[in-house]
Amino acid sequence: MFSRNTAHRIGWTLIGSAILAFGLYNIHSFSGVTEGGILGATLLLQHWFAISPAASSLVLNALCYLLGWKILGHSFLLYSAVAGVSFSAFYGVIEQFPPLWPQIGEHPLLAAVLGAVFVGVGAGLGVRCGGASGGDDALAMSIDHITHCGVEKVYLLSDLCVLALSVSYIPLPKLAYSLLTVILSGQLIGWIQRAKLSFLPAPL
């Protein structure tokens with residue numbers, strides 16, 4: 001039987017996963033704005049070494065979750081399972097419908113800002129509740145737990161590394177919008193994790 005606090009965390013994790021899935025499908029998948037972190041790394045490996053993202057994402061995410069479990073404990077696995085499974089479920093439902101803004105790619109600046117808001121709020125709720133919907137979140141939470149430097153700084157560093165390597169095959173103007181979206185989303189995640197908002201669960 002879940003405690004009231006656990007149920008509260010699971011509820012907000014579900015809301016975060018729904019927001020994240022909505023934004024990734026309706027904005028990121030049609031905007032052409034690339035990602036840093038694990039997703040960006042898998043695209044980089046695919047381009048230069050012909051390694052399928054299906055394989056590389058599985059390995060990279062598994063390593064990040066393993067690190068999170070070792071550092072953050074069993075509760076991390078519970079909330080991450082809720083976040084990951086519900087994200088996939090929500091995305092599967094949302095993609096059955098036509099995109100709300102199919103021409104969003106024609107407005108890259110708007111796409112970068114809106115995409116950052118959805119990713120920042122969606123992932124931020126999951127991180128605050130103690131779970132990770134992806135390997136990026138697990139890695140950031142683990143490093144922040146050890147260093148106390150702030151998850152937004154970890155996100156920024158990992159994203160900058162991947163985007164810097166992506167210069168080798170992605171035009172600089174496109175990467176500029178990607179840089180904007182990862183900076184904004186990382187800052188939002190960090191703010192949501194630490195904000196004194198009484199209606200949200202206390203950060204773990």
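Remember, predicted model here, so these are calculated numbers, not experimental data. (Residues numbered from 1 in each chain as written. Predicted model: local features only at pLDDT ≥ 70, side-chain atom pairs only at ≥ 80, totals over all residues. Heavy atoms only, no water.)

**Q** Explain the nonpolar core here, please?
**A** Note on soluble globular proteins: their nonpolar side chains tend to be buried together. Formed by 13 residues in total, the largest nonpolar core has its most connected members in Tyr 155 and Ile 189. Excluding residues that lie within four positions of it along the chain, Tyr 155 makes contacts with Val 127, Asp 136, Asp 137, Ala 140, Gly 186 and Ile 189. Leu 20, Phe 87, Ile 94 and Val 119 belong to the second largest nonpolar core, which has six residues in total. (Core = buried A, V, L, I, M, F, W, Y, C linked by side-chain atoms within 4.5 Å. Buried < 20%, exposed > 50% of the residue type's maximum accessible area, 1.4 Å probe, protein only. Contact = heavy atoms within 4.5 Å.)

**Q** Help me out: how do you make sense of the state of the cysteines in this one?
**A** As used in these notes, a disulfide is a covalent bond between sulfur atoms, one from each of two cysteines. Going through the model one piece at a time under the given rule, you end up with zero disulfides. Left without a disulfide partner, Cys 64 is nearest to the cysteine sulfur of Cys 161, which lies 13 Å away. Of the residues examined, Cys 64 reaches a relative accessible area of 9% and is grouped as buried. The thiol sulfur of Cys 161 is not disulfide-bonded, and the nearest other cysteine sulfur, from Cys 149, lies at 13 Å. (Disulfide = S-S within 2.5 Å.)

**Q** Which parts of the structure should I look at to understand the environment of Leu 43?
**A** Its place among the elements puts Leu 43 in helix H2 (residues 37-49). Each C-alpha atom of the pair Leu 43 and Ser 56 lies 9.2 Å from the other, and the pair is 13 residues apart in sequence. (Helix = DSSP H or I, 4+ residues; strand = E, 2+ residues; numbered from the N terminus.)

**Q** Is there a simple way to think about the environment of Gly 68 in this case?
**A** Its place among the elements puts Gly 68 in helix H3 (residues 53-72). Given a relative accessible area of 0%, Gly 68 falls into the buried group. The spacing of Gly 68 and Tyr 155 is 87 residues in sequence and 15 Å in space, taken between C-alpha atoms. Ignoring any residue separated from it by four or fewer positions in sequence, one finds Gly 68 in contact with Gly 73, Phe 76 and Ser 142.

**Q** It is not clear to me how the side chain of Asn 26 should be interpreted in this structure. Could you clarify?
**A** Summarising the element assignment, Asn 26 is placed in helix H1 (residues 4-31). Overall, the relative accessible area of 2% leaves Asn 26 in the buried class. Looking at Asn 26, its side chain comes within polar contact range of the main-chain nitrogen of Leu 100, at 2.9 Å. Excluding its chain neighbours within four sequence positions, the residues that come into contact with Asn 26 are Ile 94, Pro 99, Leu 100, Trp 101 and Ile 104. (Polar contact = N/O pair within 3.5 Å; in protein donor to acceptor, adjacent residues only side chain to side chain.)

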